[in-house]
Amino acid sequence: QLSTTFYLRTCPNLQHIVFDVVAKASFSDPRIGASLIRLHFHDCFVQGCDASILLNKTATIDSEQDAFANANSIRGLDVMNNIKSYVERFCPGTVSCADMLAMAAEVSSEIGGGPQWKVLLGRRDSLTANRILANQNIPAPSFTLDQLKASFQKQGLDPTTDLVALSGAHTIGRAHCRVFVNRLYNFNNTGNPDPTLDSDYLQTLQEICPQNGNGDSLTNLDVSTPNTLDNRYYSNLRSQRGLLQSDQELYSTPGADTISLVDTYSNSKIAFNQQFAQSMIKMGNIGVLTGDQGEIRSHCNFVNGS
Ligand code: HEM
Ligand SMILES: [Ca+2]
Ligand SMILES: [Ca+2]
């Protein structure tokens, strides 16, 4: 239903606009690519890839930006608005915010040293947002492997291949202490740290995140190459240096079918790149609105006429 040539005639310089805005933003903020990739993920897992995450709270919109996983956490909304204002200047009323999110994620992969792919286009923007669904559908960092699998399966993604490949996005970006501090001191109320955490790495993390701190400090998701979209994430998991419980689960759950894929991707950047691109395309197809469904928003943060 979507196509790579959707805006070929109606917005020929779209790709350049998205690339230029993201590239420029990356100079001053090397983390922005990570934030944009995550924004696309958090959009697609709630009502599909329809830019519902971009809608601000109003009298009628219960903003997904206030969901647990998003509040004080998502970034890049300003960059999306910046892209939109350029796009509206060149091709007014044509390009959906949902497509811009998918393109911004692809460009961010490219800029970060990851794979490129042909982005499928033609998505339309939602008229609604759903904060409650966001709380239900966006996986939590404390999830076990079974819970992660169920979450991906609910979206029609493969609970092994897509889960392992897309988790590889944690090869870039940062996380707050609050999302993993339980692993450092009192894992599952045992009074001890998570036993699947390397002891040197544990010590480093304890220095960054004191036991009774406010949890607001940030650290890199990938301890090896924090700003490069490579396959080091997977070698970290093999040496018990996954930052989130949901990361380490992929390798440390006894007998799991995800272990051999972690090995495969850690041994082959090519295999990872290929599957990451394929899984990103698949994620980008979740629940899309097409044809005359939804609308093309004139401002990404508001439905038209509001
Ligand atoms: C598998 C289940 C997943 C869980 C439980 C999870 C959880 C998280 C958490 C807790 C953070 C840190 C947020 C913060 O502290 O503010 C984070 C960051 C991030 N996530 Fe995930 N995530 C998952 C899958 C994904 C997927 C599928 C993608 C993209 C394809 C992704 C991309 C990212 C990126 C790039 C960051 C860093 C964002 C930044 O620095 O602004 N994650 N994730
Ligand atoms: Ca959505
Ligand atoms: Ca990396």
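About the criteria used
- Residues numbered from 1 in each chain as written.
- Chains lettered and ligands numbered in written order.
- Predicted model: local features only at pLDDT ≥ 70, side-chain atom pairs only at ≥ 80, totals over all residues.
- Helix = DSSP H or I, 4+ residues; strand = E, 2+ residues; numbered from the N terminus.
- Buried ≥ 20, exposed ≤ 12 C-beta atoms within 10 Å, placed from the backbone.
- Near = placed C-beta within 6 Å.
- Nonpolar A, V, L, I, M, F, W, Y, C, P; charged D, E, K, R; others polar.
- Domains from an automatic or database assignment.
- Contact = placed C-beta atoms within 7 Å.
- Expected span 1.5 Å × (residues − 1).
- Arc of directions from axis to C-beta.

1. Looking at unusual backbone geometry
- Of note in this structure, Asn189 is not a glycine but carries a positive phi near 55°.
- Examined against the element boundaries, Asn189 turns out to sit in the loop between α8 (182-185) and α9 (199-208).
- A residue is classified by how many C-beta atoms lie within 10 Å of it, and Asn189, with 7 of them, is exposed.
- For Gln240, which is not glycine, the phi torsion reads 55° and is therefore positive.
- Positionally, Gln240 belongs in the loop between α10 (232-238) and α11 (245-252).
- According to the C-beta neighbour criterion, Gln240 is partly exposed, with 18 such atoms within 10 Å.

2. Considering the site of ligand 1
- Around ligand 1, the surrounding shell holds 26 residues, and the nearest of these are Ser35, Ser73, Ala169, Gly173 and His176.
- For the shell around ligand 1, the elements supplying multiple residues, two or more each, are α2 (32-44), α7 (161-167) and β1 (174-176).
- In the shell around ligand 1, the residues fall into 15 nonpolar, seven polar and four charged.
- Viewed by domain, the shell around ligand 1 spans two of them, domain 1 (14-137) and domain 2 (145-280), each represented by three or more residues.

3. Considerations on the domain arrangement of the chain
- Domain annotation for the chain reports domain 1 (14-137) and domain 2 (145-280).
- Computed from C-alpha coordinates alone, the two centres of domain 1 and domain 2 are separated by 23 Å.
- Taken together, the contacts link 16 residues of domain 1 with 14 residues of domain 2.
- Of the residues forming the side of domain 1 that touches domain 2, the biggest block, five residues, is contributed by α2.
- Looking at the side of domain 1 that touches domain 2 residue by residue, the class counts come to seven nonpolar, seven polar and two charged.

4. Some thoughts on the environment of Thr204
- Tracing the backbone shows Thr204 in helix α9.
- The exposure class of Thr204 is partly exposed, given the 14 C-beta atoms found within 10 Å.
- Sequence separation of Thr204 and Thr253 is 49 residues, and the distance between their C-alpha atoms is 24 Å.

5. Here's the deal with helix α1 (residues 14-28)
- Taking 1.5 Å per residue, 15 residues should reach 21 Å; α1 reaches 22 Å between its end C-alpha atoms and fits that length.
- Turning to α1, its buried residues number three or more, namely Leu14, Ile17, Val18, Val21, Val22 and Ala25. Angularly, the buried residues of α1 cover 115° about the axis, an arc narrow enough to put them on a single face. Residues of α1 that are exposed and angled more than 90 degrees away from the buried face: His16 and Phe27.
- Residues of α1 that are buried sit in contact with α2, α3 (77-90) and α4 (97-111).

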